[in-house]
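Examining the three-dimensional arrangement
Listed below are the residues making up each chain.
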Amino acid sequence: MDRIPILRMGKFLLVTIQIDLYDRLATNLESDLIQAVNKTEARGVLIDISALSIVDSFMGRILGNIGSMAKIMDAETVVVGMQPAVAITLIELGLELKGVHTALNVEKGMDLLKDRIGEEPEETEDDENSTE
Amino acid sequence: MKIEKEQDVIPFRNRVKEYAVKIGMSLVNQTKLITAASELVRNMLKYAGGGTALIEVVSDNRNSGIRLLFEDRGPGIKDVDLAMKDGYSTGKSLGLGLPGARRLVNEFDIKSKPGEGTIVSILKWKNG
Amino acid sequence: MKQDISRLLQKKKKQLLEDWMNFQLKDAGLREDLMSNEELRTQSDELLDSLLKSLTSTNITDPQSADFEGVNEILAGISISRARQGYSPRETGTFIFSLKDAVLKTLQAELKDDPLALVDATLNMNKLMDSFGITTFETFIKGREEVILRQTDEIAEISTPVIRVWDGILALPIIGTLDSARTQIVMESLLEEIVESGSTIAILDISGVPAVDSLVAQHIIKTVAATRLMGAECIISGIRPEIAQTVVHLGIDLSNIVTKASLASALKYAFTMLKLEVKKSQREKAI
């Protein structure tokens, strides 16, 4: 697998990272995602890292980069589902993931994005998240 | 274990994890250890083009832990003290790799000679 | 001459055991509440048996000999179990030292015609028994340390309760000093609970923390940062005036952390964040 699939959901892009990434894969993700933001004119990016057992400084930087890059393209980034152990490790490492928002899970992340963008959700919403 | 390309990093992490699980290390400490290992392996790949990593289980009276030894024959580090400072990097990174890794483990030792290579040894106890 | 000692003691084993028991029973520190005489006798018998079996003419002068491993093992087992049962060091020590008395008494009785051999045997047995005594204490202390360690763990666990005060709001009162080990536990249990309960707000109440220095403050800041990474907000409450003073004097920057004086005001703030309202019930008017 060379690429992480990027799903489009209305005005949002959804990325679920299922495997531990090696560096090139992460760099690919960064450029792919930014391309996708441009192409789809997405207003929000949601990255689910609940399956990641490790986020080191490189991965942290990629996440931060995505956040900053998306920001200047007028899209908000939410990182969701971080494992407690990962959060503690990142803090010890001295990384704070500036530039991205965080949320507990996909649902809360979606709510946050909608809040940020200040728009009503699209009709094409995922079933699970239609509790608005 | 030999580390020569990026793809070697993941199996190496898994190997470290196996050992950590075997001695009953807590999840948080596992994560810290593996993250530190990941930083050091990346450094090795990036600046020295690869090297070897050694995993060993150590124990004293009632505590056990894991020691990792990274050895490369790269260009070495000119000023180790400077490299250990937060935010210092010769490459294009955050400069958190070495100092961050040190914060994540219990013992950290680095020896480097310009032109000859670098040896980093880290130790993480099961508890703490 | 030496050959005699081990054999001699073996022959006198019954007598030895009786003497030993008597010495132990005579001792004021005997804990009948913790162990019956029968049990004590079995223990003593087992140890004596193993000792006499491993004792030979050659290793009598060498307390470190590997032959005594079995004896040391039994002794260690007894000491550890005694440490756990709450015996005092004196009571545990008496156990092995009264055996010495018994052995010496037997030797004295048997070798009274040969003073030279007596001195020799006494000296050797003394050394041997002292070495056993040291083993006893080493393991006794080890046993005690284990007890302490377990208690520390337990205290750490009990002292960091995470309470769900409201749907989506967690409270964590911290009582006692915050060191890095404790912070680690606090952080872990808080973050795990956040994930489990899906809470978005955590209130860290530090009114029970006696002093806040820069290190403690750093730990708190770390906890808040970690909570934020998870996607939850963290409020610090219970800032006493003294704490506010030290924090400012130390030049610690808490400005990007939400701080509240009391748990109540923190809860109020949390309600506002969740867009909840607490109202007085209107029922009385309706009636």
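From a predicted model like this one, the values you see are computed outputs, not experimental measurements. (Residues numbered from 1 in each chain as written. Chains lettered and ligands numbered in written order. Predicted model: local features only at pLDDT ≥ 70, side-chain atom pairs only at ≥ 80, totals over all residues. Heavy atoms only, no water.)

**Structural notes on the overall build of chain C**
What counts, and what does not: For the purposes of this entry, the term helix denotes a DSSP run of H or I that reaches at least four residues, the term strand denotes a run of E that reaches at least two, and both are numbered from the N terminus. Only protein chains enter the accessibility calculation, which uses a 1.4 Å probe; a residue is then buried when its area is under 20% of its type maximum, exposed when over 50%, and partly exposed in between. The criterion used for residue contact is that any of the two residues' heavy atoms lie within 4.5 Å. A 1.4 Å probe and the Shrake-Rupley method give the accessible areas. Residues count as covered only by the protein chains that appear here.
Helix and strand counts for chain C come out as 11 helices and 5 strands. When the 287 residues of chain C are sorted by exposure, 43% land in the buried category. Considering only contacts in chain C between residues 6 or more positions apart, those separated by 24 or more positions represent 73%. When the accessible surface of chain C is totalled, it reaches about 15,800 Å², and 55% of it is carbon and sulfur.

**Quick look at the sheet that holds strand 4 (residues 107-113) of chain B**
By definition, the strands of a sheet pair up through backbone hydrogen bonds, in either a parallel or an antiparallel sense. Residue and element names in this part refer to chain B. Our working rule: For two strands to pair, DSSP has to find at least two bridges joining them. A fitted line through C-alpha atoms serves as each axis, taken over the contacting stretch for helices, and the angle formed by two N-to-C directions is quoted from 0 to 180°.
Across the sheet, 5 strands lie side by side as 1-2-3-5-4; this open sheet has antiparallel pairing. Of all the strands in the sheet, the pair left with one neighbour each is strand 1 (2-3) and strand 4. Direction of pairing for strand 1 relative to strand 2 (residues 51-59): antiparallel, over a ladder of 2 bridges. Each bridged residue has a counterpart across the sheet, and for isoleucine 3 the counterpart in strand 2 is glycine 51. Along the sheet, helix 1 (residues 9-22) contacts strand 1, strand 2 and strand 3 (64-72); its crossing angle with strand 2, the most-contacted strand, is approximately 5 degrees.

**Re the pattern of salt bridges**
To keep it simple, the criterion reads: Put simply, a salt bridge is a Lys or Arg side-chain nitrogen that is within 4 Å of an Asp or Glu carboxyl oxygen.
Applying the stated rule across the entire model yields 12 salt bridges over all chains. Of the charged contacts, one joins aspartate 109 of chain B and lysine 111 of chain B as a salt bridge, the two residues approaching to 3.2 Å between their closest N and O atoms. Relative accessible area serves as the criterion here: at 36%, aspartate 109 of chain B is assigned to the partly exposed category. Taking the relative accessible area as the measure of exposure, lysine 111 of chain B reaches 51% and is therefore exposed. One salt bridge in this structure joins aspartate 130 of chain C and lysine 100 of chain C, with 3.0 Å as the shortest N-O distance. In this pair, aspartate 130 of chain C is assigned in helix 6 (residues 115-158) and lysine 100 of chain C in helix 5 (residues 89-110), connecting sequence segments 30 residues apart. In the salt-bridge network here, residues are joined through shared partners; they are Asp56 of chain A together with Arg13 and Arg42 of chain B.

**Things to note about the interface of chain A and chain B**
Under the convention used in this document: Under this definition, polar contacts are N or O atom pairs within 3.5 Å; protein pairs additionally need one hydrogen-donor-capable and one acceptor-capable atom, and for neighbouring residues in sequence, both atoms have to be side-chain atoms.
Each side of the interface is counted separately: chain A has 20 residues, and chain B has 22 residues. Arginine 42 of chain B is paired through a salt bridge with aspartate 56 of chain A; the nearest N and O atoms lie 3.0 Å apart. Here chain A and chain B share 5 residue pairs in polar contact (both at pLDDT 80 or more) between them. Among the elements of the structure, helix 1 (23-40), helix 2 (57-72) and helix 3 (84-93) of chain A are those that each provide at least two residues to the side of chain A that touches chain B.

**Re the pairing of strand 2 (residues 12-16) of chain A**
Residues and elements named next belong to chain A. Filter applied, for reference: Here, the term right-handed applies to a crossover whose path from the first strand over the helix to the second runs clockwise when the strands point away from the viewer.
Among the 5 residues of strand 2, 4 are classified as buried, and the element is accordingly described as predominantly covered. Bridging between strand 1 (residues 6-9) and strand 2 involves 4 bridges; their strand directions are antiparallel. Among the inter-strand pairings, leucine 7 is bridged to a residue of strand 2, identified as leucine 14. Between the antiparallel neighbours strand 1 and strand 2 lie 2 residues, among them glycine 10 with a positive phi of about 65 degrees. The pairing of strand 2 with strand 3 (residues 44-48) spans 5 bridges and is parallel. For valine 15, the partnering residue across the bridge sits in strand 3 and is isoleucine 47. Each parallel crossover has a hand, and the one from strand 2 via helix 1 to strand 3 is right-handed.

**Notes on the packing of aromatic side chains**
Note the cut-off: Geometry of aromatic contacts follows a simple scheme: Phe, Tyr and Trp rings, the Trp one being its six-membered ring, pair when their centres are within 6.5 Å, and the pair is stacked under 30 degrees between planes, edge-to-face over 60, tilted otherwise.
By the definition in use, this model includes 2 aromatic pairs over all chains. A centroid spacing of 5.9 Å and a plane angle of 70 degrees characterise the contact between phenylalanine 12 of chain B and phenylalanine 70 of chain B, whose relative ring orientation is edge-to-face. Of this pair, phenylalanine 12 of chain B sits in helix 1 while phenylalanine 70 of chain B sits in strand 3, and the two are 58 residues apart along the sequence. Both residues of the pair, phenylalanine 12 of chain B and phenylalanine 70 of chain B, belong to the buried class. A ring pair is formed by tryptophan 166 of chain C and phenylalanine 271 of chain C, whose centres lie 5.0 Å apart and whose planes are at 80 degrees; its orientation type is edge-to-face. Of this pair, tryptophan 166 of chain C sits in strand 1 (residues 163-166) while phenylalanine 271 of chain C sits in helix 10 (residues 263-273), placing them 105 residues apart in sequence. For tryptophan 166 of chain C, a relative accessible area of 46% corresponds to the partly exposed category.

**Focus: unusual backbone geometry**
Excluding glycine, residues mostly have negative phi values, and the peptide bonds linking residues are mostly trans. Residue and element names in this part refer to chain A. Even without being glycine, glutamate 41 reaches a positive phi, approximately 50 degrees. Tracing the sequence through the fold places glutamate 41 in the loop between helix 1 and strand 3. Owing to a relative accessible area of 63%, glutamate 41 belongs among the exposed residues under this scheme. Of note, the phi angle at aspartate 74 is positive, near 65 degrees, even though the residue is not glycine. Structurally, the position occupied by aspartate 74 is in the loop between helix 2 and strand 4 (76-80).

**Focus: the confidence of the model for chain C**
Convention followed: Confidence scores per residue from the predictor, reported as pLDDT, run from 0 to 100.
Across chain C, pLDDT averages 79, with 91% of residues at or above 70. Strand 4 (residues 233-237) of chain C holds the highest mean pLDDT among the elements of chain C, 89, whereas helix 11 (residues 283-286) of chain C holds the lowest, 56.

**Observations concerning the packing of helix 2 (residues 13-26) of chain C against helix 3 (residues 37-54) of chain C**
Helices that pack against each other are described as a pair by the angle of their axes relative to one another and the distance between those axes. All names here are of chain C. Applied cut-off: Comment on the angle field: the value is read as roughly parallel under 35 degrees, roughly antiparallel over 145, roughly perpendicular from 65 to 115, and oblique elsewhere. Handedness of a crossing follows from how the near helix is turned relative to the far one, being left-handed for an anticlockwise turn of less than a right angle and right-handed for a clockwise one.
Where helix 2 contacts helix 3, the axes come no closer than 10 Å and their chain directions differ by 135 degrees. Taken together, the axes of helix 2 and helix 3 are oblique relative to one another. Two packed elements cross with a definite hand, and for helix 2 against helix 3 that hand is right-handed. Here Lys13, Leu16, Leu17, Glu18, Trp20, Met21, Gln24 and Leu25 of helix 2 lie close against helix 3, whose contacting residues are Asn37, Leu40, Arg41, Ser44, Asp45, Leu47, Leu48, Asp49 and Leu52.

**Thoughts on the sheet that holds strand 1 of chain C**
Residues and elements named next belong to chain C. Strand order in the open sheet formed by 5 strands is 1-2-3-4-5, with mixed pairing between adjacent strands. The open sheet is flanked by strand 1 and strand 5 (258-260), the only strands paired with a single partner. Averaged over neighbouring strand pairs, the angle between their axes works out to 30 degrees when direction is ignored. Across 6 bridges, the pairing between strand 2 (residues 169-175) and strand 3 (residues 201-208) is parallel. Pairing of isoleucine 169 across the sheet is with isoleucine 201, part of strand 3.

**Regarding the pairing of strand 3 of chain B**
Residue and element names in this part refer to chain B. In terms of strand pairing, strand 2 meets strand 3 through 8 bridges, oriented antiparallel. Residue pairing in the sheet places valine 58 in a bridge with glycine 65 of strand 3. As defined by bridge partners, strand 3 adjoins strand 5 (residues 117-125) across 8 bridges and the pair is classed as antiparallel. Paired with arginine 67 across the bridge in strand 5 is leucine 123.

**Looking at a nonpolar patch on the surface**
Filter applied, for reference: Exposure above 30% relative accessible area and the lack of any salt bridge qualify a residue for a patch; like charges then connect within 9 Å, and the nonpolar side chains Val, Leu, Ile, Met, Phe, Trp and Tyr within 5 Å.
A grouping of Ile163, Val165, Trp166 and Leu276 of chain C is seen on the molecular surface, where their side chains present a nonpolar patch of about 340 Å² in accessible area. Inspection of the secondary structure puts isoleucine 163 of chain C in strand 1.

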